[in-house]
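# Fold and geometry: a report
So you can see what is in the structure, the chains are spelled out below.
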Amino acid sequence: MLPIHAVEQPISALFEPITGKIRLKTHFSYYGIHTNGFMIALYKNNTIFIRASRQSKTEIQQLEETYVLQDPEVGLNTKNFFAIPYHTALNESRFSHWVRSILEELSEQYKQEQEKRKTQIRSLTNMNFKMERILKKININNVEQFQQNGYINTFVKLVKQGSDGSDLMLFKLHGAIHQKSIYHITPEERIELLREANKAMYDAGLRHKFYIPDEE
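Just so you know, these numbers come straight off a predicted model, no measurement behind them.

## Re the overall build of the chain
Assigned secondary structure in the chain consists of eight helices and six strands. Starting at the N terminus and ending at the C terminus, the chain contains elements arranged as α-β-β-β-β-α-β-β-α-α-α-α-α-α. Here the chain has a C-alpha radius of gyration of 27 Å; the compact-globule value for 216 residues is 17 Å, and the former is much larger. Once the C-alpha set of the chain is aligned to its principal axes, its extents read approximately 80 × 35 × 35 Å. Burial statistics for the chain: of 216 residues in total, 44% are counted as buried. Long-range contacts, defined here as pairs at least 24 residues apart, represent 50% of the contacts in the chain between residues at least 6 apart. Here the chain has roughly 13000 Å² of accessible surface; of this, 47% comes from carbon and sulfur atoms. Charged side chains of the chain number 28 positive and 25 negative; the gap between the two group centres comes to 4 Å.

Now the structure itself:
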């Protein structure tokens, strides 16, 4: 496999008038062609393997000499990367449209993923996939529902549901609501949180109680 600089010029000449600056990265025995954070094509042996969008896939499949990239030697088995000889890509008037099409599709997918992520509890400070699953057990499925419940009500529900009700859990929930790492919660704030939780659990008829030394 040649070093990247040995193949960079012809690939840049093909793509950069369409996409602006590209970046090449080795990908198995291929060269991945990246722009705007997306891999839009692969290159190997004078062949471009363009990533097809839903819009362009039918057109690309109709080209002569094209085929889906499947390379069992390196474990590549794709559905949306299609081989186009370099000289064909260079002279194909629709090539720029295909490249822009996949960039638009990938950008839209990225935006949708980011919007979805904003609703996921795992995206909050101190939260992760495990915490997200724990909260789903008490029918808190997204950030909005968590904020509506608040950290104390959520904590009480978890204790009722059978959670261990640790102080760490309480601090994580509080920090998630206030976008604050548990490591930035001061000792004074921790004591106040324990008092608040004790009162809430007492009001809910729970026996669970945190030990607070200065109250003995």
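## Examining the packing of aromatic side chains
Throughout the structure, instances matching the rule amount to six aromatic pairs. Ring centres of Y30 and F49 lie 5.6 Å apart, and the angle between their planes is 80°; this geometry places the pair in the edge-to-face category. One end of the pair, Y30, is in strand β2 (residues 30-35); the other, F49, is in strand β4 (residues 47-51), and 19 residues separate them in sequence. Each of the two residues, Y30 as well as F49, counts as buried. Ring centres of Y31 and Y43 lie 6.3 Å apart, and the angle between their planes is 45°; this geometry places the pair in the tilted category. A residue pair is termed long-range when its members are at least 10 positions apart, and Y31 in strand β2 and Y43 in strand β3 (residues 38-44) qualify at twelve residues. Summarising the burial analysis for this pair, Y31 and Y43 share the class buried. Ring pairing ties together the aromatic residues Y30, F49 and Y67, which thus form one cluster. Here the guanidinium or amino end of K44 rests over the ring plane of Y30, the centre of that ring lying 4.6 Å away.

## Looking at empty space enclosed by the protein
Applying the stated rule across the entire model yields one cavity of 30 Å³ or more. By volume, the largest cavity amounts to about 30 Å³. If you go around the largest cavity, the residues you meet are L124, F146, Q147, A176, I177 and Q179. At the level of elements, α6 (143-161) and α7 (167-177) are the ones that each hand at least two residues to the lining of the largest cavity. For the lining of the largest cavity, a count of residues per class yields four nonpolar, two polar and no charged.

## Digging into the UniProt feature "domain: TfoX C-terminal" (unreviewed entry) in the chain
When the UniProt feature table is mapped to this numbering, "domain: TfoX C-terminal" (unreviewed entry) covers residues 119-196. Span residues 119-196 is 63% helix and 0% strand, its end C-alpha atoms 27 Å apart.

## Examining the packing of α6 against α7
Two elements in contact, α6 and α7, have axes separated by 10 Å at closest approach and are oriented at 180°. The angle between the axes of α6 and α7 places the two elements in the roughly antiparallel class. Contact residues: F146, Q147, G150, Y151, I152, T154, F155 and L158 in α6; M169, L170, L173, H174, A176 and I177 in α7. Considering only residue class, the contact of α6 with α7 consists of ten nonpolar, four polar and no charged.

Rules of the game
Residue numbering note: each chain is counted from 1, following its sequence as written. This being a predicted model, a pLDDT of at least 70 is required before a residue's local features are given, and a value of 80 or more before pairs of side-chain atoms are given or counted; all residues contribute to the totals for chains, interfaces and linings. With hydrogens and water set aside, each side-chain value is computed from the structure's full complement of heavy atoms. Numbered from the N terminus, helices here are DSSP runs of H or I no shorter than four residues, and strands are runs of E no shorter than two. Radius of gyration here is computed from C-alpha atoms only, and the compact-globule reference equals 2.2 Å multiplied by the residue count raised to the power 0.38. Relative accessibility under 20% of the residue-type maximum defines a buried residue, over 50% an exposed one, and the middle range a partly exposed one, all with a 1.4 Å probe and only protein chains included. The contact criterion used is simple: two residues touch if any of their non-hydrogen atoms lie within 4.5 Å. Note on areas: Shrake-Rupley, 1.4 Å probe, and residue coverage restricted to the protein chains presented here. When charges are counted, neither His nor the chain ends are considered; positive counts come from Lys and Arg and negative counts from Asp and Glu. Where a charge lies is defined by one atom per residue type: Lys uses NZ, Arg uses CZ, Asp uses CG and Glu uses CD. The rule is short: rings of Phe, Tyr and Trp, with Trp giving its six-membered ring, pair when the centres are within 6.5 Å, and they are stacked under 30 degrees, edge-to-face over 60, tilted in between. Two conditions define a charge located above a ring, namely a distance within 6 Å from the ring centre to NZ of Lys or CZ of Arg, and an angle within 35 degrees of the ring normal. A cavity, in this analysis, means grid points on a 1 Å lattice covering only the protein atoms where a 1.4 Å probe fits yet has no way out; a pocket is instead an open set bounded by protein on both sides within 12 Å along at least five of seven lines, and a residue lines either one if it has an atom within 4 Å of a point. Grid points are joined across faces, edges and corners, and a volume is the space filled by probe spheres set on the points. Each residue receives one of three labels: charged for Asp, Glu, Lys and Arg, nonpolar for Ala, Val, Leu, Ile, Met, Phe, Trp, Tyr, Cys and Pro, and polar for the others, Gly being one of them. UniProt positions are given in the numbering used here, feature names are shortened, and annotations may be inferred rather than shown by experiment. Between N-to-C directions, angles span 0 to 180 degrees; the directions come from axes that are lines fitted to C-alpha atoms, helices contributing only their stretch in contact. For classification purposes, angles smaller than 35 degrees are called roughly parallel, those larger than 145 roughly antiparallel, those between 65 and 115 roughly perpendicular, and all remaining angles oblique.

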